[in-house]
2 protein chains.
Amino acid sequence: MSLYFIGLGLYDEKSISVRGLEEAKDCDKLFAEFYTSKLMGSSLNDIENLIDSEIICLSRDKVERSDLIVSEAEEAKVGFLVGGDPMISTTHVDLRLDAIDRDVDVRIIHGTSIYTAAPGLAGLQNYKFGRSATLTFPRNDKYPRSAFNAVKENRGRGLHTLLFLDLEEDGNFLSPSEGLEYLMEVVREEKSDLINLETVCVVVGRAGSSDPELVVDEIGELIERDFNQPMYILIVPGDLHFREEEALDKLKQV
Amino acid sequence: MSLYFIGLGLYDEKSISVRGLEEAKDCDKLFAEFYTSKLMGSSLNDIENLIDSEIICLSRDKVERSDLIVSEAEEAKVGFLVGGDPMISTTHVDLRLDAIDRDVDVRIIHGTSIYTAAPGLAGLQNYKFGRSATLTFPRNDKYPRSAFNAVKENRGRGLHTLLFLDLEEDGNFLSPSEGLEYLMEVVREEKSDLINLETVCVVVGRAGSSDPELVVDEIGELIERDFNQPMYILIVPGDLHFREEEALDKLKQV
């Protein structure tokens, strides 16, 4: 039979595409996971009401042991609901390959994604973004280097960097202020002049909702600021075209 | 009043989000443009039928002289329908800023985008993509350098490059074969060893449709191949993680 990866999109249950909703309604069984991406404006219940079906919510562990999902998909039309565009996470790619190995027909129904929404909300041009990275919580008092390295490479070429903020399975998320603090910690350890407290960064909040937030300010100010209406994503700009500067200036909220 | 930029998403009229469809139905007047992005699986008529309203289709020229749209949006709830995620094009950013200058309330309803769909369909990781670029038709017998430069920068750092294929306002599009021919022309002119006819590239076709195409082959073979079921996008891979290699190998069609 078949496994449909259905993107839930960005913010709430109505972010799903019309096709995604149709296919989900037509599935014999529905699973979902919310650990790679969370729909902040919606509950499992809201999604179940829209689709008019029960949804079984899976932990990371259960998705990674893909057998549960694939076995069901061998026998029936199974939908797997995922926030954003569903093939962003490696876990889902693994699940897809396992399904193909077992002759299950796989289909992807795309969803809206923060990858294009955040640059769009900020008025920045997508083709000027270098590779993205994730700012994570410190592990054993160490600040991971991957976000710093991405910003360094990108800024060196004038490119913007999209920085995801760590999301833990219990729903705990890294705030933009903490994320920037950790990033500055690495900047200091590396004795880098890449960015400093006066560097202007962009915080995009609640992309896909009816009241997205766009804060544009110096890092020093952003570190002091309360961000308490998640989800957020950070952009460290590279060289700004004057039209981008104009856009940031007009679109930002105070 | 208000201007709603509504993303139509990737392939046909059902790619629109449930919220996008609701808001579009609620608009007093609907415009659309199909020169920055085309819905291959749909006609204007199909979209009008789904939304149950008439849609006025605008040329690039009319969108760029934004006054027509903004004047209407001063008086009524106006929807502007755009393929993909609607803020990707600079023209739309300009229109948005003009609307804000004239105190029109602007809202963005996101759509699915080739930026995440193509990597996802190919099983490649989004965070390993560097900046993207567009392969264009030659101008005055010159082959533009921008795609080459993006591939050069990205590949030098092991990153993948997403290459858009030029779309002309009359609907004429650059095929993957022609695009790769032009790219190899630049490689020869630059006497670069960046890529050669044996380099493996990825062509993604009809992303968002029920039969997306994924061709993975050497450039020499891709140049000879017929690609006649558009739209297409090219990926020039950087260093492949062994899981990405496995994915490409399992997912590719012969």
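Bear in mind the structure is a predicted one, so any value in this text is a computation, not a measurement. (Residues numbered from 1 in each chain as written. Chains lettered and ligands numbered in written order. Predicted model: local features only at pLDDT ≥ 70, side-chain atom pairs only at ≥ 80, totals over all residues. Heavy atoms only, no water.)

*Asks:* Can you break down the environment of Ile235(A) residue by residue, with the values?
*Replies:* Residues and elements named next belong to chain A. Following the sequence through the fold, Ile235 ends up in strand β10 (residues 232–236). For Ile235, a relative accessible area of 0% puts it in the buried group. Separated by twelve residues in the primary sequence, Ile235 and Ala247 have C-alpha atoms spaced 14 Å apart. Setting aside anything within four residues of it in sequence, one finds Ile235 in contact with Ala118, Pro119, Ala122, Leu124, Phe129, His160, Thr161, Leu162, Cys201, Val202 and Val204. (Helix = DSSP H or I, 4+ residues; strand = E, 2+ residues; numbered from the N terminus. Buried < 20%, exposed > 50% of the residue type's maximum accessible area, 1.4 Å probe, protein only. Contact = heavy atoms within 4.5 Å.)

*Asks:* Any chance you could break down the pattern of salt bridges for me, citing the residues and the numbers?
*Replies:* All names here are of chain B. Using the criterion set out here, one finds 46 salt bridges over all chains in the structure. Note that Lys77 is salt-bridged to Asp26, the shortest N-O span being 2.8 Å. Taken as a pair, Lys77 in strand β4 (residues 77–83) and Asp26 in helix α1 (residues 18–26) lie far apart in primary sequence, 51 residues in all. According to the relative accessible area criterion, Lys77 is buried, its value standing at 9%. Between Arg131 and Glu153 there is a salt bridge, and its shortest N-O distance comes to 3.1 Å. Separated by 22 residues along the polypeptide, Arg131 in the loop between α6 (114–122) and β6 (133–135) and Glu153 in helix α7 (residues 146–156) bring together distant segments of the chain. Using a relative accessible area of 15% as the deciding quantity, one classes Arg131 as buried. (Salt bridge = Lys/Arg side-chain N within 4 Å of Asp/Glu carboxyl O.)

*Asks:* Tell me about the relation of the copies chain B and chain A, and please be specific about residues and values.
*Replies:* Overlaying chain B on chain A yields an RMSD of 0.0 Å, the required transformation being a rotation through 180° with an accompanying axial translation of 0.0 Å. Taken together, these values place the two copies in the relation of a two-fold axis. The share of interface residues of chain B whose copies in chain A are also at the interface is 100%, consistent with both copies meeting through the same surface. (Least-squares fit on C-alpha atoms with pLDDT ≥ 70 in both.)

*Asks:* Please give an account of the UniProt feature "domain: Tetrapyrrole methylase" (unreviewed entry) in chain A that cites residues and values.
*Replies:* Within this structure's numbering, the places UniProt gives as "domain: Tetrapyrrole methylase" (unreviewed entry) are residues 3–222 of chain A. For residues 3–222 of chain A, helix accounts for 37% and strand for 21%, while the C-alpha atoms at its two ends are 43 Å apart. (UniProt positions renumbered as here; feature names shortened; annotations may be inferred.)

*Asks:* Explain the UniProt feature "binding site: S-adenosyl-L-methionine" (unreviewed entry) in chain A to me, using residue names and the numbers behind them.
*Replies:* Here, the residues flagged by UniProt with the feature "binding site: S-adenosyl-L-methionine" (unreviewed entry) are Leu10(A), Asp85(A), Ile88(A), Ser113(A), Ile114(A), Leu165(A), Ala207(A) and Tyr232(A). By the secondary structure assignment, Ile88(A) is in the loop between β4 (77–83) and α5 (90–101). Using a relative accessible area of 25% as the deciding quantity, one classes Ile88(A) as partly exposed. Setting aside residues up to four positions removed in sequence, Ile88(A) forms contacts with Tyr115(A), Thr116(B), Gln125(B) and Asn126(B). Structurally, Tyr232(A) can be placed in strand β10. The residues contacting Tyr232(A), other than those within four sequence positions of it, are Leu165(A), Phe173(A), Pro176(A), Val203(A), Val204(A), Gly205(A), Arg206(A), Glu213(A) and Phe227(A). A polar contact is formed between the side chain of Tyr232(A) and the side chain of Glu213(A), at a distance of 3.2 Å. (Polar contact = N/O pair within 3.5 Å; in protein donor to acceptor, adjacent residues only side chain to side chain.)

*Asks:* Could you give an account of the sheet that holds strand β2 (residues 29–33) of chain B, with specific residues and numbers?
*Replies:* Strands in a sheet are paired, the pairing made by backbone hydrogen bonds, and the direction either parallel or antiparallel. All names here are of chain B. Strand order in the open sheet made by the five strands is β3-β2-β4-β1-β5, with parallel pairing throughout. Bordering the open sheet on either side are β3 (56–57) and β5 (105–109), each of which pairs with just one other strand. Examined bridge by bridge, strand β1 (residues 2–9) and β4 share seven bridges and lie parallel to one another. The residue bridging Gly9 from the neighbouring strand is Gly83, located in β4. Across the sheet, helix α4 (residues 67–75) lies against β1, β2 and β4, angled at about 140° from β4, the strand it touches most. (Pairing = 2+ DSSP bridges. Axes fitted to C-alpha atoms, helices over the stretch in contact; angles between N-to-C directions.)

*Asks:* How would you explain the domain arrangement of chain A if you had to name every residue and give the values?
*Replies:* Residue and element names in this part refer to chain A. Partitioning chain A into domains gives domain 1 (2–112) and domain 2 (115–251). When each unit is reduced to the centre of its C-alpha atoms, the spacing between domain 1 and domain 2 is 29 Å. On the side of domain 2, eleven residues touch domain 1, which itself brings ten residues to the contact. Together, the buried faces of domain 1 and domain 2 total about 860 Å²; carbon and sulfur atoms form 71% of this surface. Counting across the interface, domain 1 meets domain 2 through zero salt bridges. Put simply, domain 1 and domain 2 have zero residue pairs in polar contact (both at pLDDT 80 or more) between them. Taken together, the residues of the side of domain 1 that touches domain 2 sort by class into five nonpolar, three polar and two charged. (Domains from an automatic or database assignment. Buried area = accessible area lost by both parts, 1.4 Å probe. Nonpolar A, V, L, I, M, F, W, Y, C, P; charged D, E, K, R; others polar.)

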